[in-house]
Structures are given as C-alpha cells and as structure tokens.
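# Geometric and topological summary
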Amino acid sequence: MKGVVLFGIVILGFAGFLGSVQADLKLGFYGHSCPKAEKIVFDYVKEHIPNAPTLAAALIRMHFHDCFVRGCDASVLLNSTSNNQAEKDAAPNLTLRGFDFVDRVKSLVEAECPGIVSCSDILTLVARDSIVVTGGPFWNVPTGRRDGLISIASEAIANIPRPTNNFTTLQTLFANKGLNLIDLVLLSGAHTIGVSHCSSFSNRLYNFTGVGDADPSLDSEYAANLRARKCTTPNDTTTLVEMDPGSFRTFDLSYYTLLLKRRGLFESDAALTTDSGTKAFITQLVQGPLSAFFAEFAKSMEKMGRIEVLTGTEGEVRKQCAFRN
C-alpha cells in the first residue's frame, strides 16, 4: 500500500479498496432506463430546500450515516421490524431528519420509472443537490447503486463517528471505510451548515471530567456564552445550536476558522486540531480560496459515495425506501 505526505499527513492509498466498485458505478447510469430521473430529483430539491434550508444539512448527514454502515446502500432508510431494530432507531440516528423528503422524491421517480432507480442513488443525489441549491459545491454522483437488504442498529452504533470521539477513534472509523485524514477534515466541513442539540456537547460545558468542569480545549468565552444563552441547563435535549454561528446557512470556510479559535462545538470538531497534520491542512484551507475547499470537498464526497456500494445484481431496487420488496 503506497503512501504520500500531504500537509504533514501520511495518506495511504486505498485504490484496491475502492477499485472493485468504481467500475460498476457510472455517470448517467439511468440515461436509457430512466432518463428524467436526475432532473426529477433536482427539480424537487430546488423547489423545496430553499423553503427549509436546514434540511440540506440533515440530508447530507443522513447520506454520511448511511455510507458508514454497510456502505451507501440506503440501509439507514429501512424501518425496524418486530424481530429487528434497524439503523434508523439506533442512538446515532435518532435525530436524523428528512426521511419523508426522500420518500417523496422516490415516489416521483417511481411514477416515472417503476422499479428502476434505487433509494441509495436517490439519497446520494438528494444530498448533493440540496447542498448545490443552498450555494454549496457541486460534485459528481456516479449512479448504479443497489439497495441493501440488511439494517442493524448495533452496526450503526459501532461504525458511525460520534460527537465525543477523539482523533484516534475518528482516524480509525474513517480508515475502516477507506477514507483518510484529508477526507476526515473535508467531510467534517459540512458542519459549516449544521445545527446540533445541546445534548451532543453539553458535557463540554458542564461536566467534562465528572467534577462539574468545562472542557479546557473549548474557548472559555464561547463556553460561557453557550451556557448563558443556548444550553442553559446540563440536561437540555431540545435546544438547537448553530455549529457555525452567524454563517450556518452558508457553505463556507468559517467552520474551519472557528476550529482554529477553539470554537468547534463537538469534541470531534476540536479533535481535528489536536493533530499537527490535520491542523496544518485546516490552516491551509482557511488561507486559501473558497473554490479550493469546494473542489477538495467534492472529491471527498464522491469518494464517500462509493463506499462498499452494491451493484449489478446485488441487493435490490426497493419500491418503497422504508421497506424491503
């Protein structure tokens, strides 16, 4: 396995990991079988996301959580059954939003081309298009994914990165999916349009080491402001906080600027500055043009969208995203 050094980060080559699936996904996969599919998706997103811009962050988060468990196979969309707790009911996914949105897009595509376009492709396209219509970067979405048959809550718990993860854990979870430290930094950049419940980081404000203290790695003025104005009690489970205050509806570089000021909301955000290589890369992004970030983010998103995909005759094309056929 070959490696190169970028911004002090050793980047291992995962060509073998991803090569087996790249040939089976292609741009315009539905060009003959359902030529209007991608336009139907984009038109619906363009019509509705501007009226509910926070859904863009929710949909890209759903795509991320899907790809980290059994690959990008729409397993996160499956409902639990009487004898199985599915991914969507696992703790990391209880705050996911947008399932109805994906279902509505799927129903429109099904009306045009029954049984042709997978839920996994629709989720991947919806995530991309929702970022584009809110002014964020465009990235290619090769299609041809098939939908998974299995969805297990415990696998979501084991594989999805958490807000409390440290750098080593994040590095491992990403490497398990063929993603490197550059990808970790870039994909975390989606937090520029994110919001979070207080419960995801309140320990940093109120009880970091179990003795009623705050996380010393969090800027003390910022922590005090959050306690006074946002998360006013340790047990707040309903208040939403912008991850990129003042700019959370704009896909920009200010999230990274905040990280360098020790104002990342999550421990996992702050962790990105605890490694010299990733911190150097963040600094490089902040000092560079927005277009450079967009271009690099696009590469990492396309790479993530290829994780462990099912193609050919694997899996199925669900008629309804929440249920196996």
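Here, every reference points to the structure presented above.
To start, this report covers the structure provided alongside it. Please read all numbers here as calculations on a predicted model, not as lab measurements.

Another aspect to go through is the overall build of the protein. Looking only at helices and strands, the protein has 14 helices and 4 strands in total. Its C-alpha atoms give the protein a radius of gyration of 19 Å, near enough to 20 Å, the size a compact globule of 325 residues would have. Expressed along its principal axes, the backbone C-alpha trace of the protein runs to roughly 55 × 45 × 35 Å. Within the span of the protein, comprising 325 residues, buried residues form 50% of the whole. Looking at the protein alone, contacts between residues at least 24 apart form 75% of all its contacts between residues at least 6 apart. Accessible surface for the protein amounts to roughly 14300 Å². Of this, 54% is attributable to carbon and sulfur atoms.

The subject of this paragraph is the state of the cysteines. In protein structure, a disulfide is the covalent linkage between the sulfur atoms of two cysteines. Evaluated as defined, the whole model comprises 4 disulfides. In this model, C198 is linked to C231 through a disulfide, with the two sulfur atoms separated by 2.1 Å. Across the S-S bond of C198 and C231 the torsion is about -85°, and the bridge reads as left-handed. Taken together, the positions of C198 in the loop between β3 (195–197) and α9 (202–206) and C231 in the loop between α10 (220–229) and β4 (240–242) put the pair 33 residues apart, joining distant regions of the chain. We note that C198, like C231, is buried. Sequence-ordered numbering of the bonded cysteines in the protein yields a pairing of 1-4, 2-3, 5-8, 6-7.

Below, the discussion takes up unusual backbone geometry. Look at R70: it is not a glycine, yet its phi comes out positive at around 65°. According to the relative accessible area criterion, R70 is partly exposed, its value standing at 32%.

For any two aromatic rings, the description comes down to two numbers: the centre-to-centre distance and the angle of the planes. Taken as a whole and assessed by the stated rule, the structure comprises 13 aromatic pairs. When the centroid spacing of 5.8 Å and the interplanar angle of 75° are considered together, the rings of W139 and F297 count as edge-to-face. With a gap of 158 residues between them, W139 in the loop between α5 (119–133) and α6 (153–159) and F297 in helix α14 (residues 290–304) connect regions that are remote in the sequence. Take W139 and F297: they sit in the same class, and that class is buried.

This next bit is on the nonpolar core. Formed by 70 residues in total, the largest nonpolar core has its most connected members in L77, F101, Y256, F293 and M304. Looking at this core, the element that brings in the most residues is helix α3 (residues 54–67), giving 9 residues. When residues no more than four places from it in sequence are discounted, the contact partners of L77 are M62, K88, F99, V102, C119, R318, C321 and A322. Among the nonpolar cores identified, the runner-up in size contains 13 residues, and F201, Y206, V241 and F266 belong to it.

Inspection of the secondary structure puts K230 in the loop between α10 and β4. Given the relative accessible area of 36%, K230 is considered partly exposed. A sequence separation of 103 residues divides K230 from A127, and the C-alpha atoms of the two residues are 28 Å apart. Each residue touching K230, except ones within four places of it in the same chain, is listed here: C198, N225, D236, T239 and V241.

What follows deals with the side chain of E316. Tracing the backbone through its elements, the reader meets E316 in the segment after α14. Although E316 lies buried, it forms no salt bridge, and the closest oppositely charged side chain, R318, sits 4.4 Å away as judged by the N-O distance. Side-chain polar atoms of E316 contact the backbone nitrogen of N325, separated by 3.0 Å. Residues contacting E316, with those up to four places away along its chain left out, are R146, D147, L149, R324 and N325.

Calculation criteria
Residues numbered from 1 in each chain as written. Predicted model: local features only at pLDDT ≥ 70, side-chain atom pairs only at ≥ 80, totals over all residues. Heavy atoms only, no water. Helix = DSSP H or I, 4+ residues; strand = E, 2+ residues; numbered from the N terminus. Rg over C-alpha atoms; globule rule 2.2 N^0.38 Å. Buried < 20%, exposed > 50% of the residue type's maximum accessible area, 1.4 Å probe, protein only. Contact = heavy atoms within 4.5 Å. Areas by Shrake-Rupley, 256 points an atom, 1.4 Å probe, with all protein chains shown as cover. Disulfide = S-S within 2.5 Å. Phe/Tyr/Trp six-rings, centres within 6.5 Å; stacked < 30°, edge-to-face > 60°. Core = buried A, V, L, I, M, F, W, Y, C linked by side-chain atoms within 4.5 Å. Lys, Arg positive; Asp, Glu negative; His and termini not counted. Salt bridge = Lys/Arg side-chain N within 4 Å of Asp/Glu carboxyl O. Polar contact = N/O pair within 3.5 Å; in protein donor to acceptor, adjacent residues only side chain to side chain.

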